[in-house]
Amino acid sequence: MTRTILFCGNIKVFDGVLTTMLSILRRTQTRDPFRFVIFTMDVSHLREDYKPLSDAQISFLDDVAKSYNAQSSVEKIDVTSLYMREFGGSPNENCYCSPYTLLRLFADLVPSLPEKFLYLDIDLLFNRDITLLYDIDISDYEYAAAPDHYGKLIFFFWRTFMNAGVILFNLKKCRETGLFEKSRALIKTRKLLFADESAIVRSTTAQKKISQRFNDQKFLYKNTVVRHFSKRLFWLPYPHVANIKQWRVTQVHKIFGYECFDDILYEYVYLKKKFERDE
(Lines give C-alpha, C1' and ligand atoms only; values in the text may rest on other atoms or scores of the structure.)
Protein backbone atom coordinates (compact mmCIF):
# COMPACT_ATOMS: atom_id res chain seq x y z
CA MET A 1 0.00 0.00 0.00
CA THR A 2 1.41 3.35 -1.05
CA ARG A 3 0.39 6.33 1.07
CA THR A 4 0.14 9.64 -0.77
CA ILE A 5 1.08 12.96 0.82
CA LEU A 6 0.23 16.27 -0.84
CA PHE A 7 2.21 19.48 -0.29
CA CYS A 8 1.69 22.82 -2.04
CA GLY A 9 4.16 25.66 -2.38
CA ASN A 10 6.80 27.63 -4.22
CA ILE A 11 10.59 27.43 -4.41
CA LYS A 12 10.90 28.54 -0.76
CA VAL A 13 9.12 25.50 0.80
CA PHE A 14 12.13 23.22 0.31
CA ASP A 15 13.18 23.34 3.98
CA GLY A 16 9.65 22.67 5.19
CA VAL A 17 9.04 19.78 2.82
CA LEU A 18 12.41 18.22 3.68
CA THR A 19 11.91 18.40 7.46
CA THR A 20 8.29 17.25 7.33
CA MET A 21 9.17 14.40 5.00
CA LEU A 22 12.07 13.30 7.22
CA SER A 23 9.77 13.26 10.26
CA ILE A 24 7.37 10.95 8.42
CA LEU A 25 10.13 8.64 7.25
CA ARG A 26 11.84 8.49 10.66
CA ARG A 27 8.73 8.12 12.83
CA THR A 28 6.87 5.56 10.71
CA GLN A 29 7.42 1.83 11.13
CA THR A 30 5.64 0.63 7.99
CA ARG A 31 7.70 -0.81 5.15
CA ASP A 32 5.20 0.47 2.60
CA PRO A 33 6.38 3.24 0.28
CA PHE A 34 5.30 6.87 0.32
CA ARG A 35 4.39 9.04 -2.62
CA PHE A 36 5.05 12.72 -1.95
CA VAL A 37 3.29 15.01 -4.43
CA ILE A 38 3.93 18.75 -4.56
CA PHE A 39 1.56 21.12 -6.37
CA THR A 40 3.54 24.16 -7.49
CA MET A 41 3.28 27.00 -10.01
CA ASP A 42 4.90 30.07 -11.47
CA VAL A 43 3.05 33.29 -10.60
CA SER A 44 6.14 35.47 -10.35
CA HIS A 45 4.13 38.25 -11.97
CA LEU A 46 2.54 38.63 -8.52
CA ARG A 47 5.78 38.43 -6.53
CA GLU A 48 9.36 37.70 -7.49
CA ASP A 49 9.73 34.59 -5.31
CA TYR A 50 6.45 33.01 -6.43
CA LYS A 51 8.30 30.49 -8.57
CA PRO A 52 7.91 26.70 -8.73
CA LEU A 53 10.23 24.30 -6.97
CA SER A 54 13.23 23.55 -9.13
CA ASP A 55 13.94 20.19 -10.73
CA ALA A 56 17.12 20.03 -8.62
CA GLN A 57 15.13 20.41 -5.40
CA ILE A 58 12.65 17.72 -6.45
CA SER A 59 15.43 15.35 -7.52
CA PHE A 60 17.21 15.79 -4.18
CA LEU A 61 14.00 15.21 -2.19
CA ASP A 62 13.30 12.13 -4.29
CA ASP A 63 16.75 10.74 -3.49
CA VAL A 64 16.12 11.31 0.23
CA ALA A 65 12.79 9.48 0.09
CA LYS A 66 14.34 6.58 -1.82
CA SER A 67 17.15 6.30 0.74
CA TYR A 68 14.47 5.10 3.18
CA ASN A 69 12.50 3.02 0.67
CA ALA A 70 13.50 2.50 -2.95
CA GLN A 71 9.82 2.45 -3.95
CA SER A 72 9.07 5.87 -2.46
CA SER A 73 8.97 8.95 -4.67
CA VAL A 74 8.74 12.73 -4.75
CA GLU A 75 7.14 14.41 -7.74
CA LYS A 76 6.01 17.89 -8.63
CA ILE A 77 2.90 18.76 -10.55
CA ASP A 78 2.87 22.22 -12.12
CA VAL A 79 -0.66 23.62 -11.89
CA THR A 80 0.10 27.11 -13.23
CA SER A 81 -2.40 26.78 -16.07
CA LEU A 82 -5.12 25.55 -13.70
CA TYR A 83 -4.48 28.44 -11.35
CA MET A 84 -4.57 31.07 -14.07
CA ARG A 85 -7.77 29.62 -15.49
CA GLU A 86 -9.55 29.25 -12.15
CA PHE A 87 -8.15 31.90 -9.80
CA GLY A 88 -6.21 34.44 -11.83
CA GLY A 89 -7.39 37.87 -10.70
CA SER A 90 -9.80 36.38 -8.15
CA PRO A 91 -10.79 38.26 -4.95
CA ASN A 92 -8.55 35.89 -2.92
CA GLU A 93 -5.42 36.07 -5.07
CA ASN A 94 -3.74 38.27 -2.45
CA CYS A 95 -5.05 36.27 0.51
CA TYR A 96 -3.64 36.42 4.04
CA CYS A 97 -0.88 33.88 3.40
CA SER A 98 -0.14 33.18 -0.29
CA PRO A 99 -1.94 32.00 -3.44
CA TYR A 100 -0.19 28.64 -3.02
CA THR A 101 -2.63 27.72 -0.25
CA LEU A 102 -5.34 27.67 -2.92
CA LEU A 103 -3.66 24.92 -4.94
CA ARG A 104 -5.08 22.00 -2.94
CA LEU A 105 -8.50 22.99 -4.27
CA PHE A 106 -7.39 21.50 -7.61
CA ALA A 107 -7.13 17.97 -6.18
CA ASP A 108 -10.19 16.72 -8.07
CA LEU A 109 -8.77 18.07 -11.35
CA VAL A 110 -5.49 16.13 -11.12
CA PRO A 111 -6.15 12.56 -12.34
CA SER A 112 -3.06 11.02 -10.76
CA LEU A 113 -4.17 11.57 -7.16
CA PRO A 114 -5.62 8.48 -5.45
CA GLU A 115 -9.01 8.32 -3.73
CA LYS A 116 -7.40 8.86 -0.33
CA PHE A 117 -4.54 11.25 0.36
CA LEU A 118 -3.20 13.39 3.19
CA TYR A 119 -2.71 17.11 2.65
CA LEU A 120 -0.03 18.67 4.87
CA ASP A 121 1.28 22.17 5.40
CA ILE A 122 5.06 22.29 5.35
CA ASP A 123 5.53 23.72 8.87
CA LEU A 124 5.00 20.58 10.93
CA LEU A 125 6.75 17.51 12.27
CA PHE A 126 5.43 14.05 13.00
CA ASN A 127 6.06 12.96 16.56
CA ARG A 128 4.51 9.52 16.09
CA ASP A 129 3.70 7.07 13.31
CA ILE A 130 1.80 8.61 10.39
CA THR A 131 -0.38 5.50 10.06
CA LEU A 132 -2.20 6.57 13.23
CA LEU A 133 -3.56 9.43 11.13
CA TYR A 134 -3.52 8.14 7.58
CA ASP A 135 -5.33 4.90 8.37
CA ILE A 136 -8.35 6.59 10.01
CA ASP A 137 -11.53 5.37 8.32
CA ILE A 138 -13.14 8.23 6.37
CA SER A 139 -15.31 6.13 4.05
CA ASP A 140 -18.41 8.17 4.87
CA TYR A 141 -16.72 11.58 5.03
CA GLU A 142 -15.20 14.08 2.64
CA TYR A 143 -12.26 14.58 4.97
CA ALA A 144 -11.00 14.35 8.53
CA ALA A 145 -9.44 17.32 10.31
CA ALA A 146 -8.75 18.57 13.83
CA PRO A 147 -10.16 21.77 15.35
CA ASP A 148 -8.16 24.95 14.99
CA HIS A 149 -6.61 25.71 18.37
CA TYR A 150 -7.56 29.37 18.30
CA GLY A 151 -10.60 29.16 16.04
CA LYS A 152 -12.34 26.75 18.39
CA LEU A 153 -12.23 29.44 21.09
CA ILE A 154 -14.47 31.65 18.98
CA PHE A 155 -18.09 30.74 19.68
CA PHE A 156 -19.28 31.44 16.16
CA PHE A 157 -16.85 28.95 14.65
CA TRP A 158 -16.60 26.24 17.27
CA ARG A 159 -18.87 23.69 15.60
CA THR A 160 -17.38 23.81 12.14
CA PHE A 161 -14.00 25.52 12.10
CA MET A 162 -10.96 23.32 11.58
CA ASN A 163 -7.29 23.93 10.94
CA ALA A 164 -6.61 23.21 7.29
CA GLY A 165 -2.92 22.43 7.77
CA VAL A 166 -3.60 18.70 8.18
CA ILE A 167 -6.50 17.25 6.18
CA LEU A 168 -7.08 13.59 5.33
CA PHE A 169 -9.16 13.64 2.13
CA ASN A 170 -11.55 11.09 0.66
CA LEU A 171 -11.35 12.24 -2.96
CA LYS A 172 -14.12 9.91 -4.13
CA LYS A 173 -16.55 11.40 -1.62
CA CYS A 174 -15.37 14.93 -2.42
CA ARG A 175 -16.18 14.38 -6.08
CA GLU A 176 -19.64 13.05 -5.18
CA THR A 177 -20.49 16.09 -3.06
CA GLY A 178 -18.62 18.62 -5.21
CA LEU A 179 -16.55 19.87 -2.26
CA PHE A 180 -13.66 21.22 -4.36
CA GLU A 181 -15.91 22.55 -7.10
CA LYS A 182 -18.01 24.49 -4.58
CA SER A 183 -14.88 25.74 -2.83
CA ARG A 184 -13.41 27.03 -6.10
CA ALA A 185 -16.66 28.83 -6.87
CA LEU A 186 -16.44 30.68 -3.55
CA ILE A 187 -12.79 31.61 -4.13
CA LYS A 188 -13.68 33.03 -7.54
CA THR A 189 -16.59 35.17 -6.36
CA ARG A 190 -16.19 36.13 -2.69
CA LYS A 191 -13.40 37.60 -0.59
CA LEU A 192 -13.05 35.18 2.34
CA LEU A 193 -11.37 35.83 5.67
CA PHE A 194 -9.30 32.62 5.57
CA ALA A 195 -9.46 32.06 1.80
CA ASP A 196 -9.37 28.32 0.95
CA GLU A 197 -9.81 27.29 4.58
CA SER A 198 -13.07 29.25 4.77
CA ALA A 199 -14.13 27.93 1.35
CA ILE A 200 -13.63 24.30 2.39
CA VAL A 201 -15.54 24.74 5.65
CA ARG A 202 -18.46 26.48 3.94
CA SER A 203 -18.61 23.78 1.24
CA THR A 204 -18.42 20.81 3.61
CA THR A 205 -21.17 18.20 3.62
CA ALA A 206 -19.59 15.54 5.85
CA GLN A 207 -16.59 16.31 8.03
CA LYS A 208 -14.99 13.91 10.52
CA LYS A 209 -13.55 15.75 13.51
CA ILE A 210 -10.44 14.14 14.92
CA SER A 211 -8.40 14.72 18.06
CA GLN A 212 -6.22 17.78 18.49
CA ARG A 213 -3.25 15.42 18.83
CA PHE A 214 -3.29 15.02 15.04
CA ASN A 215 -2.65 18.73 14.58
CA ASP A 216 -1.34 20.30 17.76
CA GLN A 217 -0.59 23.96 17.12
CA LYS A 218 0.52 24.93 20.60
CA PHE A 219 1.86 22.09 22.74
CA LEU A 220 3.70 18.81 22.40
CA TYR A 221 2.40 15.88 24.44
CA LYS A 222 3.50 12.27 24.58
CA ASN A 223 0.57 11.22 22.40
CA THR A 224 0.90 14.12 19.94
CA VAL A 225 1.06 12.73 16.41
CA VAL A 226 1.61 16.01 14.56
CA ARG A 227 3.21 19.13 16.02
CA HIS A 228 2.22 22.05 13.82
CA PHE A 229 4.62 25.00 13.99
CA SER A 230 2.08 27.62 12.97
CA LYS A 231 1.89 31.16 14.33
CA ARG A 232 1.46 31.06 18.08
CA LEU A 233 0.48 33.48 20.80
CA PHE A 234 3.05 33.90 23.58
CA TRP A 235 2.18 35.72 26.81
CA LEU A 236 5.72 36.28 28.10
CA PRO A 237 7.68 38.45 28.42
CA TYR A 238 4.75 40.37 26.88
CA PRO A 239 1.79 39.25 24.71
CA HIS A 240 3.03 38.70 21.16
CA VAL A 241 2.66 36.41 18.16
CA ALA A 242 5.71 34.50 16.91
CA ASN A 243 6.10 32.36 13.81
CA ILE A 244 8.79 29.82 14.72
CA LYS A 245 9.28 27.13 12.08
CA GLN A 246 10.80 23.72 12.72
CA TRP A 247 13.82 24.28 10.47
CA ARG A 248 14.93 27.14 12.75
CA VAL A 249 16.75 24.60 14.88
CA THR A 250 18.23 27.03 17.41
CA GLN A 251 14.83 28.61 18.08
CA VAL A 252 13.18 25.20 18.43
CA HIS A 253 15.72 24.37 21.14
CA LYS A 254 15.80 27.76 22.84
CA ILE A 255 12.13 28.74 22.83
CA PHE A 256 10.31 25.38 22.85
CA GLY A 257 13.01 23.32 24.55
CA TYR A 258 12.36 20.39 22.20
CA GLU A 259 15.04 17.73 21.91
CA CYS A 260 12.83 14.87 20.73
CA PHE A 261 13.12 16.04 17.10
CA ASP A 262 16.92 16.30 17.11
CA ASP A 263 17.46 13.20 14.96
CA ILE A 264 15.20 14.73 12.29
CA LEU A 265 16.62 18.23 12.49
CA TYR A 266 20.26 17.18 12.55
CA GLU A 267 19.73 15.07 9.45
CA TYR A 268 17.99 18.06 7.87
CA VAL A 269 21.00 20.30 8.61
CA TYR A 270 23.36 17.73 7.08
CA LEU A 271 21.21 17.23 3.98
CA LYS A 272 20.60 20.95 3.48
CA LYS A 273 24.35 21.62 3.51
CA LYS A 274 24.89 18.72 1.12
CA PHE A 275 22.28 20.10 -1.28
CA GLU A 276 23.80 23.59 -1.17
CA ARG A 277 27.32 22.20 -1.67
CA ASP A 278 26.26 20.06 -4.64
CA GLU A 279 24.37 22.94 -6.20
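Before any of the text, the structure's been laid out above.
Everything numeric in this text was worked out from a predicted model, so none of it was measured. (Residues numbered from 1 in each chain as written. Predicted model: local features only at pLDDT ≥ 70, side-chain atom pairs only at ≥ 80, totals over all residues. Heavy atoms only, no water.)

### What to know about the sheet that holds strand β8 (residues 207–209)
Link 1 in the chain: Ordered in space as β3-β2-β1-β4-β7-β6-β8, the seven strands form an open sheet in which the pairing is mixed. Only two strands of the sheet have a single partner each, and these edge strands are β3 (73–78) and β8. On average, each strand axis in the sheet is inclined to that of its neighbour by 25°, with strand direction left out of account.
Link 2 in the chain: Two elements, strand β1 (residues 3–8) and strand β4 (residues 116–120), share two bridges in a ladder whose sense is parallel. Across the sheet, residue Ile5 finds its bridge partner in β4, namely Leu118.
Link 3 in the chain: Strand contacts of helix α2 (residues 55–68): β2 (34–40) and β3, with the helix running at about 150° to β3, the strand carrying the most contacts. (Pairing = 2+ DSSP bridges. Helix = DSSP H or I, 4+ residues; strand = E, 2+ residues; numbered from the N terminus. Axes fitted to C-alpha atoms, helices over the stretch in contact; angles between N-to-C directions. Contact = heavy atoms within 4.5 Å.)

### Points about the packing of helix α1 (residues 14–27) against helix α9 (residues 262–278)
Helix-helix packing is described using two parameters, namely the angle between the two axes and the distance between the axes.
Link 1 in the chain: Direction vectors running N to C along α1 and α9 enclose 135°, while the axes themselves pass 10 Å from each other. Compared by their axis directions, α1 and α9 come out oblique. Handedness of the α1/α9 crossing: right-handed. Contacts from Phe14, Asp15, Leu18, Thr19, Leu22, Ser23, Arg26 and Arg27 in α1 reach Asp263, Ile264, Leu265, Glu267, Tyr268, Leu271, Lys272 and Phe275 in α9.
Link 2 in the chain: For the contact of α1 with α9, the class distribution of residues is eight nonpolar, two polar and six charged. (Parallel < 35°, antiparallel > 145°, perpendicular 65-115°, else oblique. Left-handed = near helix turned anticlockwise from the far one by under 90°. Nonpolar A, V, L, I, M, F, W, Y, C, P; charged D, E, K, R; others polar.)

### Let's talk about the side chain of Asn10
Link 1 in the chain: Mapping Asn10 onto the fold places it in the loop between β1 and α1.
Link 2 in the chain: With residues near it in sequence (within four places) discarded, Asn10 still touches Thr40, Asp49, Tyr50, Lys51, Pro52, Leu53 and Tyr100.

### Topic: the pairing of strand β7 (residues 162–170)
Link 1 in the chain: Among the nine residues of β7, nine are classified as buried, and the element is accordingly described as predominantly covered.
Link 2 in the chain: When strand β6 (residues 143–147) meets β7, the two strands line up antiparallel, connected through four bridges. Opposite Tyr143, over in β7, you have Phe169 as the bridge partner. (Buried < 20%, exposed > 50% of the residue type's maximum accessible area, 1.4 Å probe, protein only.)

### Regarding the environment of Gly178
Link 1 in the chain: In this structure, Gly178 sits in the loop between α5 (171–177) and α6 (179–189).
Link 2 in the chain: The buried category is assigned to Gly178, whose relative accessible area is 12%.
Link 3 in the chain: Between the alpha carbons of Gly178 and Asp42 there is a distance of 27 Å; along the sequence they are 136 residues apart.

### A look at the nonpolar core
Across soluble globular proteins, you tend to see nonpolar side chains buried next to one another.
Link 1 in the chain: One finds Ile5, Phe36, Leu118 and Phe126 to be the most contacted residues of the largest nonpolar core, which totals 53 residues.
Link 2 in the chain: Counting residues per element, this core draws most heavily on α1, which supplies seven residues.
Link 3 in the chain: If we ignore the near neighbours within four places in the chain, the residues touching Phe36 are Ile5, Phe7, Met21, Ile24, Leu25, Ala65, Ser73, Val74 and Glu75.
Link 4 in the chain: Ranked by size, the runner-up nonpolar core spans 40 residues in total, among them Tyr100, Tyr119, Ile167 and Cys174. (Core = buried A, V, L, I, M, F, W, Y, C linked by side-chain atoms within 4.5 Å.)

### Some thoughts on α1
Link 1 in the chain: In this model, α1 (14 residues) spans 20 Å end to end at C-alpha, consistent with the 20 Å of a helix rising 1.5 Å per residue.
Link 2 in the chain: Within α1, 13 of the 14 residues are buried, which leaves it mostly tucked inside the rest of the structure. (Expected span 1.5 Å × (residues − 1).)

### Some remarks on unusual backbone geometry
Leave glycine aside and you will find that most residues have negative phi; peptide bonds, for their part, are mostly trans.
Link 1 in the chain: For Ala195, which is not a glycine, the phi torsion comes out positive at approximately 50°.
Link 2 in the chain: Summarising the element assignment, Ala195 is placed in helix α7 (residues 195–203).
Link 3 in the chain: Looking at Ala195, the relative accessible area reads 0%, which means it is buried.

### Some details on the packing of aromatic side chains
Link 1 in the chain: Taken as a whole and assessed by the stated rule, the structure comprises 17 aromatic pairs.
Link 2 in the chain: Summarising the aromatic geometry, the rings of Phe229 and Phe256 are spaced 5.8 Å apart at their centres and angled 70° between planes, so their arrangement reads as edge-to-face. Taken together, the positions of Phe229 in the loop between β9 (226–228) and β10 (232–234) and Phe256 in helix α8 (residues 249–256) put the pair 27 residues apart, joining distant regions of the chain. Taken individually, Phe229 and Phe256 each receive the classification buried, so the pair is uniform in this respect.
Link 3 in the chain: When the ring of Phe229 is compared with that of Tyr258, the centres are 6.3 Å apart and the planes differ by 75°; the resulting orientation is edge-to-face. (Phe/Tyr/Trp six-rings, centres within 6.5 Å; stacked < 30°, edge-to-face > 60°.)

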